[in-house]
Amino acid sequence: MRTPIIAGNWKMHKTVSEAVETCRVLDQLVQDSNVEVVVCPPFTALSALSALGMSKVKLGAQNMCTEVSGAYTGEISVSMLRDVGCQYVIIGHSERRELFGETDEMVNTKTLLALKHDLLPIVCVGETLTQRKAGETESLVVGQIEKAFANLSCEQAQKVVVAYEPIWAIGTGETASSVEANAVIVTIRQTLDRLYGTDVAQQIQIQYGGSVKPANIGELMEQSDIDGALVGGASLLPEDFAAIVHYHR
Ligand code: PGA
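Each chain has its residues counted from 1, following the order in which its sequence is written. Under the rules for a predicted model, residues below a pLDDT of 70 receive no local features and side-chain atom pairs below 80 are neither given nor counted, while totals for whole chains, interfaces and linings still include all residues. Just so you know, side-chain values use all the structure's heavy atoms and leave hydrogens and water out.

Colleague: Any details on the packing of aromatic side chains? Residues and values, ideally.
Modeller: Only the six-membered ring of Trp is used, alongside the rings of Phe and Tyr, when aromatic pairs are assigned; centres must lie within 6.5 Å, and planes under 30 degrees apart are stacked while those over 60 apart are edge-to-face, with the rest tilted. Under the counting rule described, the total for this entry stands at 2 aromatic pairs. Measuring from centroid to centroid gives 6.0 Å for Phe149 and Tyr196, while their planes differ by 55°, and the two rings are tilted. Remark: Tyr196 occurs in helix H9 (residues 178-196) and Phe149 occurs in the loop between helix H7 (137-148) and helix H8 (154-157); sequence separation between them is 47 residues. The same class applies to Phe149 and to Tyr196, which are both buried. The numbering of helices and of strands both runs from the N terminus, where a helix is a DSSP run of H or I of at least 4 residues and a strand a run of E of at least 2. Exposure classes here rest on a 1.4 Å probe applied to the protein chains alone. A residue is buried below 20% of its type maximum, exposed above 50%, and partly exposed in between.

Printed below as a string of C-alpha coordinates:
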(Lines give C-alpha, C1' and ligand atoms only; values in the text may rest on other atoms or scores of the structure.)
Protein backbone atom coordinates (compact mmCIF):
# COMPACT_ATOMS: atom_id res chain seq x y z
CA MET A 1 0.00 0.00 0.00
CA ARG A 2 0.95 3.64 -0.33
CA THR A 3 3.02 5.15 2.47
CA PRO A 4 1.51 8.45 3.60
CA ILE A 5 3.66 11.50 2.94
CA ILE A 6 3.31 14.74 4.90
CA ALA A 7 5.29 17.68 3.55
CA GLY A 8 5.72 21.14 5.00
CA ASN A 9 5.98 24.12 2.67
CA TRP A 10 7.50 26.97 4.64
CA LYS A 11 7.15 29.43 1.74
CA MET A 12 9.12 32.65 2.40
CA HIS A 13 9.50 32.15 6.16
CA LYS A 14 12.40 31.50 8.54
CA THR A 15 16.03 32.58 8.68
CA VAL A 16 18.71 29.89 8.69
CA SER A 17 18.90 29.81 12.50
CA GLU A 18 15.11 29.64 12.85
CA ALA A 19 14.99 26.82 10.30
CA VAL A 20 17.70 24.86 12.12
CA GLU A 21 15.96 25.26 15.47
CA THR A 22 12.60 24.16 14.01
CA CYS A 23 14.08 21.08 12.35
CA ARG A 24 16.09 20.08 15.42
CA VAL A 25 12.86 19.91 17.40
CA LEU A 26 10.76 18.44 14.58
CA ASP A 27 13.13 15.58 13.78
CA GLN A 28 12.97 14.48 17.43
CA LEU A 29 9.19 14.77 17.61
CA VAL A 30 8.51 12.65 14.52
CA GLN A 31 11.24 10.01 15.06
CA ASP A 32 8.83 7.15 15.63
CA SER A 33 6.41 7.97 12.79
CA ASN A 34 6.01 5.57 9.89
CA VAL A 35 4.82 8.40 7.67
CA GLU A 36 7.28 10.02 5.23
CA VAL A 37 8.07 13.51 6.51
CA VAL A 38 9.45 16.25 4.25
CA VAL A 39 10.28 19.88 4.98
CA CYS A 40 10.62 22.41 2.15
CA PRO A 41 12.39 25.49 3.58
CA PRO A 42 13.57 28.53 1.63
CA PHE A 43 16.66 27.78 -0.52
CA THR A 44 18.91 29.70 1.90
CA ALA A 45 18.30 27.19 4.71
CA LEU A 46 18.78 23.98 2.72
CA SER A 47 22.47 23.58 3.24
CA ALA A 48 22.36 24.15 7.01
CA LEU A 49 19.45 21.73 7.36
CA SER A 50 21.28 19.14 5.34
CA ALA A 51 24.29 19.51 7.65
CA LEU A 52 22.02 18.80 10.65
CA GLY A 53 21.90 15.16 9.53
CA MET A 54 18.25 14.64 10.42
CA SER A 55 17.33 10.99 10.73
CA LYS A 56 13.64 11.15 9.87
CA VAL A 57 12.86 14.43 8.14
CA LYS A 58 13.76 14.66 4.45
CA LEU A 59 14.49 17.86 2.60
CA GLY A 60 12.67 19.36 -0.33
CA ALA A 61 12.90 22.61 -2.27
CA GLN A 62 9.95 24.87 -3.13
CA ASN A 63 10.86 25.40 -6.78
CA MET A 64 13.64 24.93 -9.32
CA CYS A 65 14.66 26.24 -12.73
CA THR A 66 13.54 24.68 -16.02
CA GLU A 67 17.16 24.84 -17.22
CA VAL A 68 20.15 22.77 -16.10
CA SER A 69 22.67 25.63 -15.89
CA GLY A 70 23.60 28.88 -17.57
CA ALA A 71 22.77 32.57 -17.61
CA TYR A 72 19.56 32.53 -15.55
CA THR A 73 20.07 35.18 -12.89
CA GLY A 74 18.35 34.37 -9.63
CA GLU A 75 17.50 30.77 -10.49
CA ILE A 76 18.46 27.52 -8.75
CA SER A 77 19.17 24.34 -10.72
CA VAL A 78 18.23 20.74 -10.12
CA SER A 79 21.85 19.69 -9.54
CA MET A 80 22.30 22.49 -6.98
CA LEU A 81 19.32 21.06 -5.09
CA ARG A 82 20.76 17.55 -5.21
CA ASP A 83 24.10 18.96 -4.08
CA VAL A 84 22.57 20.39 -0.87
CA GLY A 85 20.81 17.14 -0.01
CA CYS A 86 17.31 17.68 -1.37
CA GLN A 87 15.28 14.60 -2.15
CA TYR A 88 12.07 16.37 -3.16
CA VAL A 89 11.04 19.50 -5.01
CA ILE A 90 7.62 21.18 -5.09
CA ILE A 91 6.66 21.94 -8.69
CA GLY A 92 3.86 24.18 -9.91
CA HIS A 93 2.59 25.45 -6.56
CA SER A 94 -0.37 27.74 -7.20
CA GLU A 95 1.62 30.72 -5.91
CA ARG A 96 4.26 30.03 -8.57
CA ARG A 97 1.57 29.64 -11.21
CA GLU A 98 -0.43 32.73 -10.18
CA LEU A 99 2.27 35.15 -9.06
CA PHE A 100 5.22 34.10 -11.21
CA GLY A 101 3.55 32.99 -14.42
CA GLU A 102 4.44 29.32 -14.23
CA THR A 103 2.66 27.40 -16.99
CA ASP A 104 1.66 23.76 -17.34
CA GLU A 105 4.48 23.37 -19.87
CA MET A 106 7.04 24.65 -17.36
CA VAL A 107 5.60 22.30 -14.75
CA ASN A 108 6.09 19.41 -17.19
CA THR A 109 9.66 20.46 -18.06
CA LYS A 110 10.59 20.76 -14.38
CA THR A 111 8.96 17.43 -13.53
CA LEU A 112 10.92 15.61 -16.25
CA LEU A 113 14.14 17.36 -15.25
CA ALA A 114 13.72 16.57 -11.55
CA LEU A 115 13.11 12.88 -12.30
CA LYS A 116 16.10 12.71 -14.61
CA HIS A 117 18.26 13.92 -11.72
CA ASP A 118 16.70 11.65 -9.08
CA LEU A 119 14.80 14.42 -7.35
CA LEU A 120 11.22 13.46 -6.50
CA PRO A 121 8.67 16.01 -7.71
CA ILE A 122 5.65 17.07 -5.65
CA VAL A 123 3.43 18.35 -8.47
CA CYS A 124 0.68 20.75 -7.38
CA VAL A 125 -2.68 21.08 -9.11
CA GLY A 126 -5.91 22.79 -8.09
CA GLU A 127 -8.72 25.11 -9.04
CA THR A 128 -9.65 28.69 -8.12
CA LEU A 129 -12.94 29.50 -6.40
CA THR A 130 -14.33 30.89 -9.66
CA GLN A 131 -13.48 27.67 -11.47
CA ARG A 132 -15.04 25.60 -8.69
CA LYS A 133 -18.23 27.66 -8.76
CA ALA A 134 -18.39 27.27 -12.53
CA GLY A 135 -18.23 23.49 -12.13
CA GLU A 136 -14.85 23.33 -13.83
CA THR A 137 -12.84 21.69 -11.05
CA GLU A 138 -12.59 18.21 -12.47
CA SER A 139 -11.85 19.20 -16.08
CA LEU A 140 -9.25 21.73 -14.96
CA VAL A 141 -7.46 19.34 -12.63
CA VAL A 142 -7.54 16.51 -15.19
CA GLY A 143 -5.99 18.90 -17.75
CA GLN A 144 -3.28 19.97 -15.29
CA ILE A 145 -2.43 16.33 -14.56
CA GLU A 146 -2.31 15.36 -18.25
CA LYS A 147 0.00 18.26 -19.02
CA ALA A 148 2.25 17.75 -15.98
CA PHE A 149 2.69 14.06 -16.83
CA ALA A 150 3.22 14.54 -20.58
CA ASN A 151 6.08 12.32 -21.85
CA LEU A 152 6.65 10.65 -18.47
CA SER A 153 7.19 6.88 -18.63
CA CYS A 154 5.37 4.55 -16.22
CA GLU A 155 8.56 4.18 -14.25
CA GLN A 156 8.88 7.96 -13.93
CA ALA A 157 5.20 8.54 -13.22
CA GLN A 158 5.14 6.28 -10.20
CA LYS A 159 7.83 8.38 -8.52
CA VAL A 160 5.79 11.57 -8.70
CA VAL A 161 3.85 12.82 -5.68
CA VAL A 162 0.73 14.79 -6.61
CA ALA A 163 -0.63 17.52 -4.31
CA TYR A 164 -4.24 18.51 -4.90
CA GLU A 165 -4.57 22.02 -3.50
CA PRO A 166 -7.79 23.94 -4.15
CA ILE A 167 -6.47 27.51 -4.40
CA TRP A 168 -9.39 28.94 -2.41
CA ALA A 169 -8.38 26.76 0.55
CA ILE A 170 -4.74 27.86 0.70
CA GLY A 171 -3.93 30.08 3.67
CA THR A 172 -7.60 31.02 4.04
CA GLY A 173 -8.64 28.74 6.88
CA GLU A 174 -11.19 27.23 4.48
CA THR A 175 -10.66 23.56 3.79
CA ALA A 176 -12.37 21.53 1.15
CA SER A 177 -14.41 19.00 3.09
CA SER A 178 -12.59 15.70 3.29
CA VAL A 179 -15.25 14.11 1.07
CA GLU A 180 -14.95 16.88 -1.55
CA ALA A 181 -11.16 16.66 -1.49
CA ASN A 182 -11.25 12.89 -1.83
CA ALA A 183 -13.64 13.10 -4.78
CA VAL A 184 -11.19 15.24 -6.76
CA ILE A 185 -8.30 13.02 -5.72
CA VAL A 186 -10.21 9.96 -6.95
CA THR A 187 -10.63 11.75 -10.29
CA ILE A 188 -6.88 12.40 -10.37
CA ARG A 189 -6.19 8.73 -9.69
CA GLN A 190 -8.63 7.70 -12.44
CA THR A 191 -6.78 10.00 -14.83
CA LEU A 192 -3.46 8.39 -13.87
CA ASP A 193 -5.10 4.98 -14.28
CA ARG A 194 -6.17 5.92 -17.82
CA LEU A 195 -2.64 7.18 -18.61
CA TYR A 196 -0.52 4.51 -16.91
CA GLY A 197 -2.74 1.62 -15.83
CA THR A 198 -4.02 0.54 -12.45
CA ASP A 199 -0.75 -0.71 -10.95
CA VAL A 200 0.98 2.63 -11.44
CA ALA A 201 -2.07 4.71 -10.48
CA GLN A 202 -2.49 2.75 -7.25
CA GLN A 203 1.12 3.43 -6.29
CA ILE A 204 1.16 7.20 -6.78
CA GLN A 205 0.92 9.17 -3.54
CA ILE A 206 -1.65 11.98 -3.77
CA GLN A 207 -1.71 14.63 -1.06
CA TYR A 208 -4.35 17.15 -0.14
CA GLY A 209 -3.24 20.70 0.65
CA GLY A 210 -5.04 23.85 1.79
CA SER A 211 -5.44 24.87 5.45
CA VAL A 212 -4.47 21.46 6.80
CA LYS A 213 -4.23 21.63 10.60
CA PRO A 214 -3.87 19.16 13.48
CA ALA A 215 -7.66 19.40 13.89
CA ASN A 216 -8.63 18.34 10.36
CA ILE A 217 -5.84 15.96 9.26
CA GLY A 218 -7.44 12.89 10.87
CA GLU A 219 -10.62 13.20 8.88
CA LEU A 220 -8.73 13.85 5.64
CA MET A 221 -6.52 10.79 6.14
CA GLU A 222 -9.54 8.56 6.70
CA GLN A 223 -10.56 9.07 3.08
CA SER A 224 -9.87 6.28 0.59
CA ASP A 225 -7.48 8.12 -1.71
CA ILE A 226 -5.81 10.86 0.34
CA ASP A 227 -2.23 9.77 1.02
CA GLY A 228 -0.95 12.73 2.98
CA ALA A 229 -0.82 16.48 3.04
CA LEU A 230 1.10 19.47 1.80
CA VAL A 231 1.01 21.85 4.74
CA GLY A 232 1.79 25.56 4.67
CA GLY A 233 1.04 27.66 7.76
CA ALA A 234 0.73 24.76 10.18
CA SER A 235 4.17 23.41 9.23
CA LEU A 236 5.98 26.42 10.68
CA LEU A 237 5.69 25.35 14.32
CA PRO A 238 7.32 21.96 14.95
CA GLU A 239 4.69 20.97 17.52
CA ASP A 240 1.82 21.64 15.10
CA PHE A 241 3.54 19.91 12.22
CA ALA A 242 4.39 16.91 14.40
CA ALA A 243 0.75 16.73 15.51
CA ILE A 244 -0.23 16.51 11.83
CA VAL A 245 2.36 13.78 11.21
CA HIS A 246 0.89 11.90 14.19
CA TYR A 247 -2.66 12.18 12.85
CA HIS A 248 -3.48 8.59 13.74
CA ARG A 249 -2.80 8.99 17.47
P1 PGA B 1 -1.74 26.41 3.90
O2 PGA B 1 -0.83 26.29 2.59
O3 PGA B 1 -1.60 25.07 4.62
O4 PGA B 1 -1.16 27.55 4.68
O5 PGA B 1 -3.13 26.63 3.45
C6 PGA B 1 -0.78 25.11 1.82
C7 PGA B 1 0.14 25.28 0.63
O8 PGA B 1 0.20 26.38 0.06
O9 PGA B 1 0.82 24.31 0.23
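Colleague: Just give me the short version of the site of the ligand, but keep the residues and values in it.
Modeller: Around the ligand there are 13 residues in total, and Lys11, His93, Glu165, Gly171 and Ser211 lie nearest to it. Pairing of N or O atoms within 3.5 Å defines a polar contact, subject to two protein rules: one partner must be a possible hydrogen donor and the other a possible acceptor, and residues neighboring in sequence count only if both atoms are side-chain atoms. Here Gly233 contributes a backbone N or O atom positioned 2.9 Å from an oxygen atom of the ligand. Polar here means any residue other than Ala, Val, Leu, Ile, Met, Phe, Trp, Tyr, Cys and Pro, which are nonpolar, and Asp, Glu, Lys and Arg, which are charged; Gly is therefore polar. Residues belonging to the shell around the ligand are distributed by class as follows: 4 nonpolar, 7 polar and 2 charged. Throughout, the term near means that a residue has one or more heavy atoms lying within 4 Å of the molecule or strand in question.

Colleague: Just give me the short version of the pattern of salt bridges, but keep the residues and values in it.
Modeller: Salt bridge, as applied in this entry: a Lys or Arg side-chain nitrogen positioned within 4 Å of an Asp or Glu carboxyl oxygen. Summed over all chains, the structure comprises 13 salt bridges. Among the ionic pairs, Glu95 bridges to Lys11, the shortest N-O distance being 2.8 Å. Taken as a pair, Glu95 in helix H4 (residues 94-100) and Lys11 in the loop between strand E1 (5-9) and helix H1 (16-29) lie far apart in primary sequence, 84 residues in all. Taken together, the shared-partner salt bridges in this structure form one network comprising Arg2, Arg189, Asp225 and Asp227.

So, to be careful, I would describe these as geometric facts and stop short of saying anything about function.
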